[in-house]
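Listed here are the chains, written in short residue letters.
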Amino acid sequence: MPGASQITVSRAESSTGSSAVARSDERVRLQDVCIVHGRGDQAVVAVEGVDMHVGAREIVSIVGHSGCGKSTLLRAIAGLLPNASVQGRISVMGRSPDEARRSGLISMVFQESVLAPWRTVERNVTLPLEVARGRTRTPRRTASEQLELVGLKGYEKRYPKQLSGGQRQRVSLARALMMEPEVLLMDEPFGALDEITRDEMHSELLRIWETTHVSIVLVTHSLAEAIFLSDRVVVMSSHPGRVADTIEVDFPRPRRTDLKDSPEFSRIAHRIRVSLEHNR
């Protein structure tokens, strides 16, 4: 496949002469994806005509108004929409979402940490291994090493109730990384955290990303979060959800928190706000 600098293109971009060209190192590819909930008179088109490509080691954020289909799209990539009609093509590493999930190529982090309260931190992290039961490759890192990676060395024998909200999300992240996925899907992972903890988790996520080389697709309502973390920000319109704009974020890495106070950061945030306002 020929190379391309853009990983995402909307239909609006196509009409002006741009085209979506798949990358040889792409991890996720969506082509003309349409997602429908319900049937007959009750059918609701949640997402329509979405084209999107995510390359190796890229971080792509999806933003949009509530109800625009951001989380629905993320769940479709994960193969977690059993009761919806998904048309078009979605592939992860050249496989269907279901195959990719079963093979451990995809992991997902939700807004809530969803930890088993009766299991220790270490046993929460190893849960994917127990569920897989040898169907996937053996990870190179142990649970203890994954916890050290996310900054929780020494917490292996604690229980979720003994942790702060930020620490529980770190455990959730360590669990998602246990199978060493190629693609990490994150649905508002820091939305329930206070601003100070959220800023800390942004820097931590980038540090972990540098170590793991995983590609990340992040759904968020926070424009600052999207801009600070991402290589590109995808703006979705509403009812049904479509890709309205794709914005390059060219800040060099590693990124420092004070980047959020820069004029260029504010300029990108303004462009996203304008796009959101025009695509309600």
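Anything mentioned here points back to the structure above.
A short tour of the structure in this document, coming up. (Residues numbered from 1 in each chain as written. Predicted model: local features only at pLDDT ≥ 70, side-chain atom pairs only at ≥ 80, totals over all residues. Heavy atoms only, no water.)

1. Some details on the pattern of salt bridges
Summed over all chains, the structure comprises 18 salt bridges. Its salt-bridge partner being R280, residue E277 comes within 3.6 Å of it at the nearest N-O pair. Judged by relative accessible area, which is 59%, R280 ranks as exposed. Each of R170, E200, E204 and R207 takes part in a single network of salt bridges with overlapping partners. (Salt bridge = Lys/Arg side-chain N within 4 Å of Asp/Glu carboxyl O. Buried < 20%, exposed > 50% of the residue type's maximum accessible area, 1.4 Å probe, protein only.)

2. Concerning the sheet that holds strand β5 (residues 106-109)
On the basis of which strands lie adjacent, the open sheet formed by six strands has the order β5-β6-β7-β3-β8-β9 and mixed pairing. Pairing within the sheet leaves two strands with one partner each, and these edge strands are β5 and β9 (243-248). Strand-to-strand twist across the sheet, computed as the mean angle between neighbouring axes with direction ignored, equals 15 degrees. Note that strand β8 (residues 232-236) and β9 share five bridges and pair antiparallel. Directly across from M236, in β9, lies its bridge partner V243. In the packing of helix α7 (residues 165-177) onto the sheet, the strands contacted are β5 and β6 (183-187), and the crossing angle to β5 comes to about 170 degrees. Contacts from helix α10 (residues 263-278) reach β3 (59-63), β8 and β9, with the element oriented near 175 degrees to β9. (Pairing = 2+ DSSP bridges. Helix = DSSP H or I, 4+ residues; strand = E, 2+ residues; numbered from the N terminus. Axes fitted to C-alpha atoms, helices over the stretch in contact; angles between N-to-C directions. Contact = heavy atoms within 4.5 Å.)

3. Some words on unusual backbone geometry
Excluding glycine, residues mostly have negative phi values, and the peptide bonds linking residues are mostly trans. Residue H239 is joined to P240 through a cis peptide bond whose omega torsion reads -5 degrees. Here P240 shows up in the loop between β8 and β9. P254 follows R253 through a cis peptide bond whose omega is 0 degrees. Within the secondary structure layout, P254 lies in the loop between β9 and α10. Backbone geometry at M93 places phi at a positive 55 degrees, although glycine is not the residue there. Of note in this structure, V114 is not a glycine but carries a positive phi near 50 degrees.

4. As for helix α8 (residues 195-212)
Between the first and last C-alpha of α8 there are 25 Å, a value that for 18 residues agrees with the 26 Å anticipated at 1.5 Å per step. For α8, the secondary structure elements touched by its buried residues are β3, α6 (143-149), α7, β6, β7 (215-219) and α9 (223-229). (Expected span 1.5 Å × (residues − 1).)

5. A closer look at the packing of aromatic side chains
Applying the stated criterion across every chain yields a total of one aromatic pair. Note on F251 and F265: the rings are 6.2 Å apart at their centroids and 15 degrees apart in plane angle, and the pair reads as stacked. In this pair, F251 is assigned in the loop between β9 and α10 and F265 in helix α10, connecting sequence segments 14 residues apart. Of the residues examined, F265 reaches a relative accessible area of 5% and is grouped as buried. Positioned above the aromatic ring of W209 is the side chain of R57, whose terminal nitrogen or guanidinium carbon lies 5.0 Å from the ring centre. (Phe/Tyr/Trp six-rings, centres within 6.5 Å; stacked < 30°, edge-to-face > 60°. Lys NZ or Arg CZ within 6 Å of the ring centre and 35° of its normal.)

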